[in-house]
Amino acid sequence: MGLVEDLLANKYLITPPAYYLLADYYKEAFTLAELIKFAKSRGTFVIDSTIANDFLREKGIFSSPLEAPPEKVTLEPGPSEEVKSSETPSPAENSSEMVDLSEMSDHGAVPAENVAETPAPESQSQTFISTGEPSEMAVESASPRESKPEKFTFSEGKSFVSTGTPGVGEDREVSTSMEEAAQNPPEDGSGEVLPVESRASGEVLAADASEPVTDDSSDTSVESLPNGDYSNGYSNGNGYADSEEYYEENGDVKPKIVYGDYGVPIAYVEEEVPEGEKSYSTYSDLVITPKEGFHYRAKEIPDDWEMVFDVKNVKFEAPKVKNAASKEGEIIIKAYTDYFKSRLKKMRRILRENPELGSVIDIGKLGYIGRDEEVTIIGLVNSKRETAKGYMFEVEDSTGIIKVFINRNNEESKKFFQIMPDSVIGFRGHYSGRNIFFANKIFLPDVPKYKREKPPLEEKVYAVLLSDIHVGSNKFCEKAFENFLEWLNGEVSNRKEEELVSRIKYMILAGDVVDGVGIYPGQYNELEIPDIFDQYEALYNLLRNVPDHITMFIGPGNHDAARTALPQPGFYEEYARPLFKLKNAVMISNPAVVRLHGRDFLIFHGRGIEDVVNVIPNRSHHRPAEASVDLLKLRHLAPTFGEKVPIAPDPEDTLVIESVPDLFQTGHVHVMEYKIYNGVFVINAGTWQAQTEFQKMVNIVPTPARVPIIDVETARLRAVVSFDRFCEGV
Ligand code: D5M
Ligand code: FE
Ligand code: ZN
C-alpha cells in the first residue's frame, strides 16, 4: 500500500505537502513504523510539512529544508523560526487515546509490513480517536442564556427558529425571543454585551430534530431548465496550474487545456457528459419557484449594498529588484519584506488611534532618550517566551530590533497569551540602555469599546449567513439545503417565519462552497461528485433557486478552486464558471467587506482560527467566535506566519482588519456560534456538511444546517433557523 493508505490504516493523517516531501523516500529510506513513532513523539497524528521536514532531518535524509531536492519544495511556508513559548498548548491532547504503539518502543521499530497489516481504514471507521465530548460544547454555545423566550410551536414545519434558550423538557416546543436575543445579549466580565453559552439549546435542537417530518414537497414544482451560456465577465488573476497528469486520469473524457496570461495552463475544461450517463446528480432538474401569492417585502425595499473591500480591486505592485536577472529567492525575500513593512505601517496607524499610547518612538532611537523617560514602541513580535520572572518578547520595527521584558507581577503581562507571533503590538515603558526595554503596559491594537451608532433604517431587512456548503461531498446535507431553498421560496410554517423570509434581501456564503477534489488524504472516498466542474455546476443548480431579489455574495475557502494562500482573490473562473452566470450573485474575495445599508460586514472564510487554536491557550475549534475575537483584538485575520495558514507574498498586507466592522463573519470550522465584542457582532456561520471521516479522526463535531438570520439595521442576530433534522444520517 502507499504511504497515505498505510497511515490511514493506523489512524494517522498526512497533509498533501507532507506527502510530497515523504513519498519518494517511503520504504526506501524510512519505514512506516519510524514515521509513526516520530509523529507520536511529537504528540500528533496529523503529519504536516513541519513534521515531515523534521523527520527527514532526523533521519539524515536532508539536514535543512533548503537541502531538499528542488522538486520537493512545497508552496507551504517552512517551519517558523521563532521560539515557541511554553504556554503553547501541546498538540498531544489526544495522545493517550491514540493507537497504542508502545510495543514499538519496547521492541524497536516494527517493520512496515507488520504495521500495514492492520485492518483497512473502512473497517476501522467506528474506532475513531475521541477525546472528551466536544459535541456538547459545540451545540451548547449558540444561544443566549438569559433571554425570556416567547414560545410557539412547530409540529409540522420544515424549519425551526430559535434564538432564546428553550425551556427544559420542552422537546416539542421551540422557543424564541428574537428581539431580546438580538438586542440584549447577556453581558460578560469585559463590560460589553456578550452572548452566553447555553447547554439547553443544543439538547432541544437535538430533540427537535427527532420529530416526525411531514413531506410537503408537493408545493414545489420540478421542471427542467434550459442550460444558458456561461457569462464571461470576470478575469482571473491567478495563473496557478495543477498537475496535468491528475486530470488525464479521467478515462475517456479528453481534457481541453485553457491557457491564462503568459501561456500558463490554468484549467482543463471537461467535455460535456450528459447527466444521464453520470452516476451522480448535479441537481439539474431541481427547480423551486416562489410560492404563489407569497409576499416578499424585501422586493419593495431598494437595494443598498457596496463592496467596501475586495482583494481583486487592490493593485499590487510587483517588488522592485535590482535587475531582471535577480535570483528568484531574492524577489521572494523582497516581497515578504514589503509585506511585513505594509503590515507594520497599517498596524501602527491603528495603534496610534488609541490616545492612551502616549509618545511613540522608533526602536532605533531608544538610545537617545533618558532612562527615566516613559515611551511607547510599536513593533512586530518576532518571538515570545516565558522566563523565570516574566515574559520576554523580541520586537522589531523598520529601525531596529529589541528585547522587551514584562514582569509577571504586572497584570498587563497576562496579555502575553493573547499575542500571536508576528502580530504588531505596542509596549510602554523604559529603555534600560542594554538592549532591553522594560514594559509596564501592553497595547493590543484591539477594537474601540464604544458602539458605532448608525442611522436607523426605514424598513427591517435581513441577511442570511452561510458557509461551508461543501457541495459534492457525500456528507453534504442536500435534503436540508433543499428544504432551506424551499423555505426561502415561501414554504414557511407560521407567521414568524413568513416575516423572516419576506424580508431576507441578502445571502452571504463565506467559502468552501464545494468540497473540491484532493483537499485532504482519503477525500475521494467521501465524494459524491468527484469532479470539480460538476461540483460547481451542482452548486449553481441549487443556488439558481434562491429567489431573484436576494443578492448573494459568494467567496472562496480552502476547498474551493482558488489560490490556497491568503488572501484569496476569488474563484478560478475556469472551474467555478457556473457561479458567474448566477444573475443575483456577486463573487467576492476572501476576505472581503460588504456594506449593507451602511453596515460593514467583514467576511472571512476563517482559516486564521486554526492558528489561534494552536497558539492561544484554551481555545477550541468548537468555540470559533472566541477565536475570532482574538483575531479582532490583534486586528489581523491570520497574524502568524509559517504556522498552518499559508500567506501569499503580496506587497501589501490585505489581511489587516483596517476598519472596525459591524459584523465579522467566519466559517471553516463548521460550528455555528456567535458573540458580541466591543460592539462587533462576531459569528461563525457553521456548515451544511455532516461530520466527515477526517473530522471524526481529528475530533471535529460540526453543527450543520443552521441558518443565522441577521437584522441588517443592528447587525445582530434576528433568529437561527435550523434544518438539521434533515441532515441526520448523511
Ligand atoms: O475544515 C473543516 C474543519 O477541519 C476545520 O475545523 C479545520 C479542520 N481541518 C481542516 N484541515 C485540517 C488538518 N489538516 N488538520 C487538522 N484539522 C483540519 P475544512 O476546511 O472544511 O476542511
Ligand atoms: Fe469547510
Ligand atoms: Zn475550510
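Residues numbered from 1 in each chain as written. Chains lettered and ligands numbered in written order. Predicted model: local features only at pLDDT ≥ 70, side-chain atom pairs only at ≥ 80, totals over all residues. Heavy atoms only, no water.

Caption draft 1: Structural view of the overall build of the chain. Counting its regular elements, the chain contains 19 helices and 24 strands. Taking all 730 residues of the chain together, the buried fraction comes to 57%. Pairs at least 24 residues apart make up 72% of the contacts formed inside the chain by residues separated by at least 6 positions. When the accessible surface of the chain is totalled, it reaches about 31100 Å², and 50% of it is carbon and sulfur. (Helix = DSSP H or I, 4+ residues; strand = E, 2+ residues; numbered from the N terminus. Buried < 20%, exposed > 50% of the residue type's maximum accessible area, 1.4 Å probe, protein only. Contact = heavy atoms within 4.5 Å. Areas by Shrake-Rupley, 256 points an atom, 1.4 Å probe, with all protein chains shown as cover.)

Caption draft 2: Up close: the coordination of the iron ion (ligand 2). For the iron ion (ligand 2), every protein donor is listed as Asp 468 (OD), His 470 (NE2), Asp 512 (OD) and His 670 (NE2), and the spread of their distances is 1.9 to 2.3 Å. Of note, the donors binding the iron ion (ligand 2) are all from one chain and are spaced D-x1-H-x41-D-x157-H. (Donors = N, O, S within 2.8 Å, 3.2 Å for Na, K, Ca; no water.)

Caption draft 3: The arrangement of the sheet that holds strand 9 (residues 375-386) in detail. Reading around the circumference, 9-10-11-13-12 is the order of the five strands in this closed barrel, with mixed pairing throughout. Across the sheet, the mean angle from the axis of one strand to that of its neighbour is 55°, orientation sign disregarded. With eight bridges joining them, strand 10 (residues 390-397) and strand 11 (residues 400-407) adopt antiparallel strand pairing. By the bridge assignment, Val 395 is partnered in strand 11 with Ile 402. (Pairing = 2+ DSSP bridges. Axes fitted to C-alpha atoms, helices over the stretch in contact; angles between N-to-C directions.)

Caption draft 4: Quick look at the layout of surface pockets. The computed volume of the second largest pocket comes to approximately 850 Å³. Every residue lining the second largest pocket is counted, 32 residues in all, and those nearest its centre are Leu 444, Asp 446, Val 447, Lys 449 and Tyr 677. Considering each element in turn, the lining of the second largest pocket owes the most residues, three residues, to strand 13 (residues 436-443). (1 Å grid on protein atoms, 1.4 Å probe; cavity = no way out; pocket = protein on both sides within 12 Å on 5 of 7 lines; lining within 4 Å. Points joined across faces, edges and corners; volume = space filled by probe spheres on them.)

Caption draft 5: Broad picture of the environment of Leu 582. Looking at the element boundaries, Leu 582 is found in the loop between helix 16 (573-580) and strand 17 (585-587). Exposure remark for Leu 582: the relative accessible area of 5% places this residue in the buried category. Sequence-wise, Leu 582 and Asn 541 are 41 residues apart; in three dimensions their C-alpha atoms are separated by 9.5 Å. Those residues within four positions of Leu 582 in sequence are excluded, and the remaining contacts are Tyr 540, Leu 543, Arg 544, Met 552 and Ile 554.

Caption draft 6: How the structure looks around the coordination of the zinc ion (ligand 3). For the zinc ion (ligand 3), every protein donor is listed as Asp 512 (OD), Asn 558 (OD1), His 605 (NE2) and His 668 (ND1), and the spread of their distances is 2.2 Å. The motif formed by the donor residues of the zinc ion (ligand 3), counted along the single chain, is D-x45-N-x46-H-x62-H. Separating the zinc ion (ligand 3) and the iron ion (ligand 2) is a distance of 3.2 Å, and Asp 512 donates to both of them. Of the two residues, Asn 558 is situated in the loop between strand 16 (551-555) and helix 16 and His 605 in the loop between strand 19 (599-603) and helix 17 (608-615); the sequence distance between them amounts to 47 residues. Among the residues examined, His 605 registers a relative accessible area of 2% and is labelled buried.

Caption draft 7: Spatial organisation of the site of ligand 1. Taken together, the neighbourhood of ligand 1 is formed by Asp 468, His 470, Asp 512, Asn 558, His 559, His 621, His 668, Val 669, His 670, Phe 694, Gln 695 and Ile 700. Between ligand 1 and His 559, the relevant distance is 2.6 Å, taken from an oxygen atom to a side-chain nitrogen or oxygen of the residue. In this structure, an oxygen atom belonging to ligand 1 sits 3.0 Å away from a side-chain N or O atom of His 668. Protein contact buries 85% of the 470 Å² of open area that ligand 1 shows by itself. (Near = heavy atom within 4 Å. Polar contact = N/O pair within 3.5 Å; in protein donor to acceptor, adjacent residues only side chain to side chain.)

Caption draft 8: Just the pattern of salt bridges, in detail. Enumeration over the complete set of coordinates arrives at 40 salt bridges. Note that Arg 348 is salt-bridged to Asp 397, the shortest N-O span being 4.0 Å. Placement of the pair is Arg 348 in helix 12 (residues 328-352) and Asp 397 in strand 10, with a sequence separation of 49 residues. Asp 397 carries the same exposure label as Arg 348, and that label is buried. One salt bridge connects Glu 499 with Arg 718, and the closest N-O pair in it is separated by 3.2 Å. Of this pair, Glu 499 sits in helix 14 (residues 495-502) while Arg 718 sits in strand 24 (residues 716-722), and the two are 219 residues apart along the sequence. (Salt bridge = Lys/Arg side-chain N within 4 Å of Asp/Glu carboxyl O.)

Caption draft 9: Just the environment of Phe 437, in detail. Assignment of secondary structure puts Phe 437 in strand 13. The class of Phe 437 is buried, set by a relative accessible area of 0%. Discounting chain neighbours no more than four positions away, the residues touching Phe 437 are Leu 366, Val 375, Ile 377, Ile 402, Lys 403, Val 404, Phe 405, Phe 427, Arg 428, Gly 429, His 430 and Tyr 431.

Caption draft 10: A look at the packing of aromatic side chains. Applying the stated criterion across every chain, the model contains 29 aromatic pairs. Aromatic pair Tyr 283 and Phe 476: ring centres 6.4 Å apart, planes at 80°, arrangement edge-to-face. On the criterion of sequence distance, the pair formed by Tyr 283 in the loop between strand 7 (265-269) and strand 8 (305-310) and Phe 476 in the loop between strand 14 (462-466) and helix 13 (478-488) is long-range, its members being 193 residues apart. A relative accessible area of 4% places Phe 476 in the buried class. (Phe/Tyr/Trp six-rings, centres within 6.5 Å; stacked < 30°, edge-to-face > 60°.)

Caption draft 11: Quick peek at the sheet that holds strand 19. Across the sheet, which stays open at both edges, the six strands sit in the order 8-18-19-20-22-21 with mixed pairing between neighbours. The sheet is open, and its two borders are formed by strand 8 and strand 21 (672-677), each paired with just one other strand. Averaged over all neighbouring strand pairs, the angle between strand axes comes to 20°, with direction disregarded. Pairing between strand 20 (residues 663-666) and strand 22 (residues 680-685): four bridges, direction parallel. Note on strand 22: the bridge partner recorded for Gln 665 is Ile 683. Each of strand 20, strand 21 and strand 22 touches helix 18 (residues 624-634); the most contacted strand, strand 21, lies at about 40° to it.

Caption draft 12: Highlighting the nonpolar core. Counting 60 residues, the largest nonpolar core has Trp 487, Ile 554, Leu 579 and Trp 688 as the members making the most contacts within it. Take this core: its biggest share by element is eight residues, from helix 15 (residues 532-543). (Core = buried A, V, L, I, M, F, W, Y, C linked by side-chain atoms within 4.5 Å.)

Caption draft 13: Region of the structure containing the side chain of Gln 535. The residue Gln 535 is located in helix 15 in this model. Ignoring anything within four residues of it in the chain, the contact list for Gln 535 reads Val 471, Gly 472, Val 514, Asp 515, Gly 516, Val 517, Leu 527 and Ile 529.

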